[in-house]
Protein chains: 2
Amino acid sequence: MMRFIRRFLIGRPLHNQEMGHEKLPKWQALATFSSDALSSVAYGPEQVMLTLAIPGLIAYGYLGPVAIAILILLAVVTISYVQVARANPGGGGSYSVAIQNLGELPALTAAAALFADYTLTVAVSVSAGTAALISAFPELIPYEVHIDLCVLFFVLMLVNLRGVKDSSTTFVYPTYAFILGIIALIGVGIYHTLTNSAPVIPPESLAKQQLDWSLFFLLLRAFANGCSSMTGVEAISNGVPMFKEPQVRNASLTTYWMSAMLGIMFIGISFLIMHFHLLPLENVTALSVVAENIFGRGFMYYYIQVTTMLVLYLAANTAYNGLPPLLSILAKDGYMPRYLGTRGERLNFSNGIILLSVFAALLILIYQGNTEHLISLYAIGVFLSFTIAQSGMVVHWLKEKERWWQARAVLNGLGAIITGIVVLIIAVTKFFYGAWMVMVFIPIVIMIFRAIRSHYNDIAEQLSLSTGSFEKILALPRATNMVVVPIASPTRVVAETLRYARSLSENVIALHIATDEEEGRRIEDKWSTWNPGVELVTVYSPYRLVVQPVLDFISELEIHKCNYDYITVIIPEFETKKWWHILLHNQTGWILRTLLILRENVVVTTIPYHLKK
Amino acid sequence: MMRFIRRFLIGRPLHNQEMGHEKLPKWQALATFSSDALSSVAYGPEQVMLTLAIPGLIAYGYLGPVAIAILILLAVVTISYVQVARANPGGGGSYSVAIQNLGELPALTAAAALFADYTLTVAVSVSAGTAALISAFPELIPYEVHIDLCVLFFVLMLVNLRGVKDSSTTFVYPTYAFILGIIALIGVGIYHTLTNSAPVIPPESLAKQQLDWSLFFLLLRAFANGCSSMTGVEAISNGVPMFKEPQVRNASLTTYWMSAMLGIMFIGISFLIMHFHLLPLENVTALSVVAENIFGRGFMYYYIQVTTMLVLYLAANTAYNGLPPLLSILAKDGYMPRYLGTRGERLNFSNGIILLSVFAALLILIYQGNTEHLISLYAIGVFLSFTIAQSGMVVHWLKEKERWWQARAVLNGLGAIITGIVVLIIAVTKFFYGAWMVMVFIPIVIMIFRAIRSHYNDIAEQLSLSTGSFEKILALPRATNMVVVPIASPTRVVAETLRYARSLSENVIALHIATDEEEGRRIEDKWSTWNPGVELVTVYSPYRLVVQPVLDFISELEIHKCNYDYITVIIPEFETKKWWHILLHNQTGWILRTLLILRENVVVTTIPYHLKK
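Description of the structure in this document. (Residues numbered from 1 in each chain as written. Chains lettered and ligands numbered in written order. Predicted model: local features only at pLDDT ≥ 70, side-chain atom pairs only at ≥ 80, totals over all residues.)

### Quick look at the relation of the copies chain A and chain B
Turning to step 1, where the next piece is worked out: Rotating chain A by 180° and moving it 0.0 Å along the rotation axis overlays it on chain B with an RMSD of 0.1 Å. These values place the two chain copies in the arrangement generated by a two-fold rotation axis. In terms of C-alpha distance to the rotation axis, chain A has Thr 605 of chain A as its closest residue, with the C-alpha 2.1 Å off the axis.
Turning to step 2, where the next piece is worked out: Looking at the interface residues of chain A, 100% of them are also at the interface in chain B, so both copies use one shared face. (Least-squares fit on C-alpha atoms with pLDDT ≥ 70 in both. Contact = placed C-beta atoms within 7 Å.)

What follows is the structure in structure tokens.
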């Protein structure tokens, strides 16, 4: 039954040989890798506006300059990442770049930052997708978090547990449909602004008060929030191996195309927000208001809301392509538990997929699906990993000295410096809004990575067989074994257990713990009548404890009869027919097993006794 | 550390020889056994008033007649229970009487009813005790349920886990202090009513409208709620062995004394409620209002509130003396899990004490400590067990034919009929107020009793050794054993496990599940280099499953190599130094063990490997 549900939901297991890499043409790769970056125009410009439209300050007029600053940053990041794609045609993100060029600490920092940001990508994108949906259908407002969690577990997690291969072409349509919708929105919007009698940008959208320090700080925060639009730009450089030949050229071209589109859409939506002088509204996204102003509540409005929702959910999906493979690389390097490194029955990293879903769900629950609050945590990790990757590239060019290496090193150095400054800006301006959490989280995760690695190293050291030691252990004389069988009263189970015990060793002791002196004598009498050829030791336990006297007895054996290599304790276990029957048997056997296993040289054997009814 | 806390909280373990029965003089026995019955005057009269003071009906005037009806019922129950004490000088409640005289079904019904009512006694008494406290200190109102749970777990459960012996004399003081306070209250109250110019009972307390069917039904419900005052009357007859000689005479006299006091207090408080024409108030008990009217908010008021609280908490304690021994008798008869039948380290039935505390806590949480709602469930179980006990006594007298047996049979028969009628009244009038739950609960519990008994019978049958079969099993030729050691890669652990395996049997197979063909070949090469003298079987698992191929391999062994008596699978288990290290190891060994143990004739041996760091 469980098996059937499992098969129905995630499909049949895949054979090792079914693993393969599809190569993608540019138009398909663009859709596959860019949904994260492009979809962020659904919340990025709005975040800038939300920060600037603060009551008591006249700062709306700075929206244009902030948007342009973000556009310039986008250009720098794009050029830098084209370099990354060129230098790492084998793919691999910031972690790989850093571990090759910068060493362990920067690499782990990048990994921790990416861990935070992939999780946030899922949480932010799912929340923003649902926000697009409930903007169009306000009756869904009370179910916001429920929708988030359903999409997360029943769509994203399941689709990814089935495997990406089945679904990669389905990615193309929503992304292009979204691009088409937004371009249409911007085109019609601009036509509208030009033909309308109203001013292109109303004076209240241009009003700005004199810049002072506190206002400057606000502008930096608006900039930092707007930078959330830039997450996902690195995706293509990590996916170079999936492009058709010539891989690097195709990947570079696709990156330019993506950034150009991102830039146009970002600036276009920012312009329209200024044109309509939008102000923050509860439960309605700015994009929804823009679309409603331009198209009215008609087909095009719903088209934009639905494609926005879809592309945002797809964006969440890109984190599922990013984090589980990263965790698997970390697991192979010993920084994460081993089982995150192995492929599941559908050839994907199923444990990583589940882990990501659970963490994202926690974030959504903690922030109740509020996009604005989640974005406060966002972007710092991305820019931190940008900075590390760019720095790694500088070291790479200095080491490799390929053609134009000086120019390339300068470009990446510039990228590293600028993204580094952005990290500082985000860390300072959003510190109290949640960035501190990420700044606490990253060092903790790095410590965890190191503790795990150190544990695996310890184990490897303890398990390693120096040459000849395998033979040495096996060449020891045949090990001797003392077998102890704790018994409650002589039953069929005891007889069968004794038979098994005698097949293991000549030295078998039956041990009875008597909580009552009279009962103890009765068992002893019975024993001598039956005479099973096995010595019975009776220990009187006046405090009615059962487990402790057995442990004490074993300890005595260990001390006084040290000529045995092993002491084996055989514990019969009842296998009941119905699950609730287990409640009717005391768990002494289980407790005994758990405590005995903590001793060295004591082996615990469980002999099952199957009840027939 | 855990051990120290345990010792500090519940004391050192007690030796079997420390079990003993203190014999109690009458004055001490009265206090020990009567707190449940006497304390119920703190809520009983109020419950009658609450039911009658219903808006839209003029029924207050029936308070007096209902109180007198309850008094008469009390007399009948008292006389009946004196008979029970006489006939069962060995103690034992309704269950014992019924199983001796009436058979299994009535006995189990009584047991289920008592189970429900002991749990409710705890919940009702604790809630009512806290109600007395918060009547005096209204600032504690928001913490009502917290106080209930603290008293339940940190006072009642702990004191009872320590054992009753330590605390039995401490019971005497609060009970007598309470009796003294209530007698003083009634005395001063009556003096007050006689010397005051106000009428002894104001006309509005005597007003009653014409009796009709719906009003009659209400009166019956008031009566049913008032019957909650009578719970605990049976306590003395269960405790006869704890009285000093002449036991029966002393127990009978004590029962009369207790009932007389209960009657006086019940009627006295009912009278004062009528005199002051009290109406229902939120968060203040009627007894508190009476005390405040008579004494003002002075010393005597607080004295009455505090002693009421203490005696109610003590009343809850009587359920701890009643239910765990009953569960232990049921366990010995096979109707409850065995571990409820054994005495814990302090010689008490610790599992039963914990069970009772948990159930009572659930009731308090579900009803948020509301005494009135809890009382709706109450009393039906008590009267059901009264009826069964009285019926059992009738059968007893008919069988035994002692002196005056006819008269005694008539007395108990009358008791059975009257209490049976009360059961019907409670079941009908409180049906929708919660009695239906008890009526559903009792049959379910009876079914559980029977299912448990049937399971234990099945087991006993399967385990029993017919004469000679013990010898027959042991006389079989020495059992043969095939040992299988699943290995991941050859390490020190594998070498040591193989050494142990070879001490068990000549037939050892090492089994490697290769998820990757190349890896499998590498292990095979290593193996032949090392040549440990044990055959290595490599199974290729292209779907990367590990557990299933092992299970399949064992199944094949079972089918094809059926000349072995046992197959023993040896699984090494890492014992990690730090608890979190366990998260870093996959639990394949554990899963394998759990699934293998489900097969017959497969023995699973766990060999611990202790990591040093």
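Continuing now.
### Notes on the interface of chain A and chain B
Put simply, an interface is often sized by how much accessible area is lost when its parts join up.
Turning to step 1, where the next piece is worked out: The partner chain B presents 65 residues to the 65 residues of chain A that form the contact.
Turning to step 2, where the next piece is worked out: Those elements that place two or more of their residues in the side of chain A that touches chain B are helix H19 (435-463), helix H20 (469-475), helix H21 (492-504), strand E4 (566-575) and strand E5 (602-610) of chain A.
Turning to step 3, where the next piece is worked out: No other element matches H21 of chain A, which puts ten residues into the side of chain A that touches chain B.
Turning to step 4, where the next piece is worked out: Counted by class, the side of chain A that touches chain B contains 33 nonpolar, 16 polar and 16 charged residues.
Turning to step 5, where the next piece is worked out: Two elements, E5 of chain A and strand E5 (residues 602-610) of chain B, share three bridges in a ladder whose sense is antiparallel. (Helix = DSSP H or I, 4+ residues; strand = E, 2+ residues; numbered from the N terminus. Nonpolar A, V, L, I, M, F, W, Y, C, P; charged D, E, K, R; others polar. Pairing = 2+ DSSP bridges.)

### Side note on helix H22 (residues 517-530) of chain B
Turning to step 1, where the next piece is worked out: Here H22 of chain B spans 20 Å end to end across 14 residues, near enough to the 20 Å set by a 1.5 Å rise per residue.
Turning to step 2, where the next piece is worked out: Positive backbone phi, approximately 50°, marks Asn 531 of chain B, located one or two places after H22 of chain B. (Expected span 1.5 Å × (residues − 1).)

### Considering the packing of helix H4 (residues 63-87) of chain A against helix H18 (residues 405-429) of chain A
All names here are of chain A.
Turning to step 1, where the next piece is worked out: For the pair H4 and H18, interaxial distance at closest approach is 9 Å and the crossing angle is 135°. Here H4 is positioned oblique relative to H18, judged by the angle of their axes. Our pair here, H4 against H18, has a crossing hand that is left-handed. Residues Leu 73, Val 76, Val 77, Ile 79, Ser 80 and Gln 83 of H4 touch H18, and the partners they reach there are Arg 408, Leu 411, Asn 412, Leu 414, Gly 415, Ile 418, Thr 419 and Val 422.
Turning to step 2, where the next piece is worked out: The residue makeup of the contact of H4 with H18, split by class, is eight nonpolar, five polar and one charged. (Axes fitted to C-alpha atoms, helices over the stretch in contact; angles between N-to-C directions. Parallel < 35°, antiparallel > 145°, perpendicular 65-115°, else oblique. Left-handed = near helix turned anticlockwise from the far one by under 90°.)

### Some thoughts on the nonpolar core
Most often, soluble globular proteins keep nonpolar side chains buried together rather than apart.
Turning to step 1, where the next piece is worked out: Ala 111, Cys 227, Val 290 and Phe 383 of chain B are the most contacted members of the largest nonpolar core, which has 149 residues in total.
Turning to step 2, where the next piece is worked out: For this core, the element with the highest residue contribution is helix H6 (residues 104-136) of chain B, accounting for 21 residues.
Turning to step 3, where the next piece is worked out: Ignoring any residue separated from it by four or fewer positions in sequence, one finds Ala 111 of chain B in contact with Tyr 95, Leu 326, Leu 330 and Phe 449 of chain B.
Turning to step 4, where the next piece is worked out: Among the nonpolar cores identified, the runner-up in size contains 147 residues, and Ala 132, Ala 291, Ala 316 and Ala 361 of chain A belong to it. (Core = buried A, V, L, I, M, F, W, Y, C linked by C-beta atoms within 7 Å. Buried ≥ 20, exposed ≤ 12 C-beta atoms within 10 Å, placed from the backbone.)

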